[in-house]
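Descriptive analysis of the structure
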Protein chains: 2
Amino acid sequence: MKCTEHILHNCLYFTANALARKITKMADEAFRPAGLSPSHAFIVMLVHDTPGIGPKKLGQALNLAPSTVTRFVDTLIHRGLATKKMTGKTTAITLTPDGEALLGTIEAAWKTLHTRYSDILGERNGEELTARLDKASQLL
Amino acid sequence: MKCTEHILHNCLYFTANALARKITKMADEAFRPAGLSPSHAFIVMLVHDTPGIGPKKLGQALNLAPSTVTRFVDTLIHRGLATKKMTGKTTAITLTPDGEALLGTIEAAWKTLHTRYSDILGERNGEELTARLDKASQLL
DNA sequence: ATTTTTTATTTGTGTGTACAAACATCAAAA
DNA sequence: TTTTGATGTTTGTACACACAAATAAAAAAT
């Protein structure tokens, strides 16, 4: 392994993104049965938890820019899974019955994903890693 | 914190991507003086290390799809930092003098980035995290 | 009550990345 | 030697984001 490659593997930017790409691929597969990308699915879950929530709050919960949430929600609406009611400057997002109906599938997908990477990394190890990532993410 | 949010923070997909987005922002800033995105910059370093390298090898070293490398290299060429010579089915990428001239700036940017996140996470902690990410990434 | 500032959301646009298909070449087998 | 299959690369296309600017409404200050 050459010099630069050594640098790469000691670089948080590089390793974090490499891992993110791999786990994203895995997550995409796990959530495919739900017909949604993981981020879309998490939005569904959050809206279920807090009906009437707006893009800003969703963005904070998901670590996504509000504009990104807007687009995601728009596609959920387009697929008949959510609705939004704009009153004044705020937007209240809620699930349609079709959206609510997806919750079981989504939860199952999430469990599938968790199992799949836990089997590879080890349950304990995976959880530790996740916790450290979460902490680091908050700090940065 | 509601139920779903709890799930999120225990999800490797979510935490890994959240961290990746934050560190990417930081890296983009650090590499801005070089006028390149971090990935472009790393390609420059790798090509310097191994002149004549092709997209496939680069992709393997960087954990990127070959097609992605093609685009990145093309923009490097467009900016006069690299050239490629296609003989048969293989492509040999090399740096131009302008590309070589950037190496110092790139290395400095990388150090800036490293310092910046080490200051926040702690040097030891950051290195441990990076090592674990690297390991997990290889496993998945 | 009017102006100013702040806040919530959306839209325009750009970047990074992937996959699948197309293409071209080399290697192996027939 | 022709065919078959594997390999390296590029192109078409699509998705997940982000930022900056536009919009619009609420809150605060005057």
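Going along each chain's sequence as written, the residues are numbered from 1 onward. Chain A is the first chain written and ligand 1 is the first ligand written, with later ones labelled in order. Totals for whole chains, interfaces and linings use all residues, but because this is a predicted model, local features are given only for residues with pLDDT of at least 70 and pairs of side-chain atoms are given and counted only at 80 or more.

**Things to note about the overall build of chain A**
Check the secondary structure of chain A and you find eight helices and two strands. Put simply, DSSP H or I for four residues or longer makes a helix, DSSP E for two residues or longer makes a strand, and each gets a number counted from the N terminus. Taken from N to C terminus, the helices and strands of chain A fall in the order α-α-α-α-α-β-β-α-α-α. Dimensions of chain A along its principal axes, counting C-alpha atoms only, are 55 × 30 × 25 Å. Three exposure classes are used. Buried residues have 20 or more other C-beta atoms within 10 Å of their own C-beta, exposed residues have 12 or fewer, and partly exposed residues fall in between, all C-beta atoms being placed from the backbone. Relative to its full complement of 140 residues, chain A shows a buried share of 40%. Once C-beta atoms have been placed from the backbone, residue pairs whose C-beta atoms lie within 7 Å are recorded as contacts. If you take every contact in chain A between residues at least 6 apart in sequence, the share linking residues at least 24 apart comes to 48%.

**Some thoughts on the protein's contact with DNA strand D**
Whether a residue is near a molecule or strand depends on its C-beta atom, generated from backbone atoms, being within 6 Å of that molecule or strand. Taken together, 23 residues form the shell around DNA strand D, and within it Ser37 and Gly88 of chain A together with Gly54, Lys56 and Ser67 of chain B come nearest. Within the residue set of the surface near DNA strand D, elements represented by two or more residues are helix H5 (66-78) of chain A together with helix H2 (12-31), helix H4 (55-62), helix H5 (66-78), strand S1 (82-87) and strand S2 (90-95) of chain B. Just so you know the grouping, Ala, Val, Leu, Ile, Met, Phe, Trp, Tyr, Cys and Pro go in nonpolar, Asp, Glu, Lys and Arg go in charged, and all remaining residues, Gly too, go in polar. Taken together, the residues of the surface near DNA strand D sort by class into five nonpolar, 11 polar and seven charged.

**Quick word on the interface of chain A and chain B**
Chain A puts 46 residues into the contact, and the matching count from chain B is 46 residues. For the side of chain A that touches chain B, the elements supplying multiple residues, two or more each, are helix H1 (3-9), helix H2 (12-31), helix H3 (38-49), helix H7 (103-121) and helix H8 (123-139) of chain A. Here the side of chain A that touches chain B gets 14 residues from one element, more than from any other, and that element is H2 of chain A. Residues belonging to the side of chain A that touches chain B are distributed by class as follows: 28 nonpolar, 11 polar and seven charged.

**As for the protein's contact with DNA strand C**
Within the structure, DNA strand C sits among 23 residues, and Gly54, Lys56 and Ser67 of chain A together with Ser37 and Gly88 of chain B are positioned closest to it. Those elements that provide at least two residues to the surface near DNA strand C are H2, helix H4 (55-62), H5, strand S1 (82-87) and strand S2 (90-95) of chain A together with H5 of chain B. For the surface near DNA strand C, the per-class residue count stands at five nonpolar, 11 polar and seven charged.

**Quick word on the nonpolar core**
Core analysis: the largest hydrophobic core is formed by 88 residues, its most contacted members being Ala16 and Val44 of chain A together with Ala16 and Val44 of chain B. If we skip the residues at most four places from it in the chain, Ala16 of chain B touches Ala16, Leu19, Ala20, Ile23 and Leu133 of chain A. Any nonpolar core is a set of buried residues, restricted to Ala, Val, Leu, Ile, Met, Phe, Trp, Tyr and Cys, that join up through C-beta atoms within 7 Å.

**Digging into the relation of the copies chain A and chain B**
Copies overlap after least-squares fitting; the atoms used are the C-alpha atoms of residues with pLDDT of at least 70 in both. By a simple turn and slide, chain A fits onto chain B: the slide is 0.0 Å along the axis, the RMSD is 0.0 Å, and the turn is 180 degrees. Here the symmetry operator amounts to a two-fold rotation axis. The overlap is high: 100% of the interface residues of chain A also sit at the interface in chain B, so the same surface is used on both sides.

**Description of the confidence of the model for chain A**
How sure the predictor is of each residue is captured by pLDDT, a score from 0 to 100. Considering every residue of chain A, the mean pLDDT works out to 93; 99% of them sit at 70 or more. The least confident element of chain A, judged by mean pLDDT, is H1 of chain A at 85; the most confident is H5 of chain A at 96.

**As for H4 of chain A**
Within H4 of chain A, burial applies to Pro55, Leu58, Ala61 and Leu62 of chain A. End-on, the buried residues of H4 of chain A take up no more than an arc of 125 degrees, which puts them together on one face. For H4 of chain A, the secondary structure elements touched by its buried residues are H3, H5 and S2 of chain A together with helix H1 (3-9) of chain B. Following H4 of chain A by one or two positions, Asn63 of chain A adopts a phi angle in the positive range, close to 60 degrees. To obtain the arc, one takes the directions from the helix axis to the C-beta atoms.

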